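So you can see what is in the structure, the chains are spelled out below.
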Amino acid sequence: MGFTRIHHVGMVTGDLEKACSILCDGFGLAVDEHRSPYPEGRLGYDGTTVLEFPIGEMYYEVAKPKDATTSTGEFLANTNGRGGIYYISLASDDLTNDVQGLVQRGIKIVEPWDGKSAVFLDPATCLGLGLQITPEENYYVHPYYKGNGSLTGMAHIGIAARDAEEIGHFLGQVIGLEEDRSSERGREIPRSDTPRPADDPVHLLEFPIGGTVIEISIPTTSDSGTARLVAQRATLGATYHHTCPFAPDVHRFTDEAVAAGIQQIGTIPTREESTRVVAWFHPRTCLGMLLEVWNRP
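Residues numbered from 1 in each chain as written. Predicted model: local features only at pLDDT ≥ 70, side-chain atom pairs only at ≥ 80, totals over all residues. Heavy atoms only, no water.

Draft legend 1. Representation of the sheet that holds strand 7 (residues 131-135) within the structure. Spatial ordering of the open sheet is given by 2-3-4-1-5-7-6, a layout of 7 strands whose pairing is mixed. Of all the strands in the sheet, the pair left with one neighbour each is strand 2 (42-43) and strand 6 (119-121). As paired strands, strand 3 (residues 49-55) and strand 4 (residues 58-64) are joined by 7 bridges and run antiparallel to one another. If you follow Val50 over to strand 4, its bridge partner there is Ala63. (Pairing = 2+ DSSP bridges. Helix = DSSP H or I, 4+ residues; strand = E, 2+ residues; numbered from the N terminus.)

Draft legend 2. How the structure looks around the side chain of Ser150. Along the chain, the position of Ser150 falls in the loop between strand 7 and strand 8 (153-161). A distance of 3.4 Å separates a polar atom in the side chain of Ser150 from a polar atom in the side chain of Arg252. Those residues in contact with Ser150, other than ones at most four positions away along the chain, are Phe27, Phe246, Ala247, Pro248, Arg252, Phe253 and Glu256. (Polar contact = N/O pair within 3.5 Å; in protein donor to acceptor, adjacent residues only side chain to side chain. Contact = heavy atoms within 4.5 Å.)

Draft legend 3. Geometry of the pairing of strand 9 (residues 202-209). Counting buried positions along strand 9 gives 7 out of 8 residues, so the element sits mostly inside the fold. Relative to strand 10 (residues 212-219), strand 9 runs antiparallel, the two being bridged by 8 bridges. Residue pairing for strand 10: Leu205 is matched across the bridge by Ile216. In this structure, the hairpin formed by strand 9 and strand 10 is closed by a connection of 2 residues, where Gly210 is found at a positive phi of approximately 60°. (Buried < 20%, exposed > 50% of the residue type's maximum accessible area, 1.4 Å probe, protein only.)

Draft legend 4. Layout of the layout of surface pockets. Estimated volume of the second largest pocket: approximately 250 Å³. Around the second largest pocket, the lining comprises 15 residues; the ones closest to its centre are Ala164, Gly168, His169, Glu179 and Arg181. Going through the elements one at a time, helix 4 (164-175) and strand 9 are the ones with two or more residues in the lining of the second largest pocket. Take the lining of the second largest pocket: its biggest share by element is 6 residues, from helix 4. (1 Å grid on protein atoms, 1.4 Å probe; cavity = no way out; pocket = protein on both sides within 12 Å on 5 of 7 lines; lining within 4 Å. Points joined across faces, edges and corners; volume = space filled by probe spheres on them.)

Draft legend 5. Up close: the nonpolar core. Ranked by size, the top nonpolar core spans 66 residues in total, and within it Phe27, Phe53, Tyr60, Phe170, Ile214 and Ile216 carry the most contacts. Per-element tally for this core: the top contributor is helix 1 (residues 16-26), with 6 residues. When neighbours within four sequence positions are excluded, Phe53 is seen to be in contact with Ala19, Cys20, Leu23, Cys24, Leu29, Ala30, Val31, Tyr59, Tyr60 and Val62. With 6 residues, the next largest nonpolar core counts Val12, Tyr45, Val50 and Tyr87 among its residues. (Core = buried A, V, L, I, M, F, W, Y, C linked by side-chain atoms within 4.5 Å.)

Draft legend 6. Fine view of the environment of Thr4. Within the element layout of this structure, Thr4 appears in strand 1 (residues 3-12). By relative accessible area, Thr4 is classed as partly exposed at 25%. Residues Thr4 and Asp93 lie 89 residues apart in sequence; the distance between their C-alpha atoms is 6.9 Å. Setting aside residues up to four positions removed in sequence, Thr4 forms contacts with Ala91, Ser92, Asp93, Glu136, Ile209 and Gly210. Within polar-contact distance, the side chain of Thr4 engages the side chain of Glu136 at 2.6 Å.

Structure, rendered in structure tokens:
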């Protein structure tokens with residue numbers, strides 16, 4: 001396999017101006033106007049209008065559907081207009097062989113392919129996940145478009161799944177990523193008569209790719225937030241859960257995000273209480289995407 005990194009996170013929204021406000025004013029990012037001039041954007045897949053917001057070695061691609069009859073329009077309608085993560089794109093430095101290999105292992109592509117351009121995979125053959133394979137272009141954003149420095153990269157992309165073996169086989173044997181078994185945790189299922197941890201009880205798996213990680217959360221109880229998400233949206237096996245950017249100073253990010261109208265979930269310790277900090281932000285103010293921000297090395 002020639003997958004080198006996550007090329008971008010594809011999101012869908014009904015309002016690009018609002019998206020720009022959230023990602024620039026709230027997240028501290030900037031529009032890459034070299035590739036997607038603001039406000040007109042560029043023509044994207046499915047007839048969408050697209051803006052790109054670089055973060056580390058990848059970018060958030062925010063797409064506005066052209067009308068309600070397209071697949072992106074239907075996705076937007078199914079999220080009650082909130083939008084969210086539609087797909088992730090994997091960069092390949094051996095595109096033809098990688099796509100052919102996926103097809104040989106039972107993955108279908110969405111539409112006729114010219115053998116050299118980016119191609120979407122059929123979610124029905126990818127446990128319900130939207131995935132794109134795109135040629136590695138070795139493009140890195142100009143410093144001018146990196147924003148204010150609050151976020152410097154992507155720690156991980158979170159996926160919620162119903163079964164560890166199923167998602168492990170898909171990412172490991174089908175996609176060809178290697179699990180970091182040293183990072184596996186939470187396999188033990190809490191008994192009903194034992195205290196449960198404060199956060200979601202999940203079995204976590206990690207699959208590094210490039211400078212980031214695909215983090216898998218498998219609920220170990222039936223009544224957690226992750227369990228409810230899996231029951232509702234992972235009917236084929238998996239669904240996107242969150243993205244986790246890296247912030248050298250989570251307190252600075254949180255202060256700027258909240259001031260810009262981003263809704264924080266819970267609280268974070270003070271600078272004096274802890275050097276490792278994780279903050280969460282509500283999907284309703286983050287383009288339909290649950291956001292986790294941390295400074296863990």
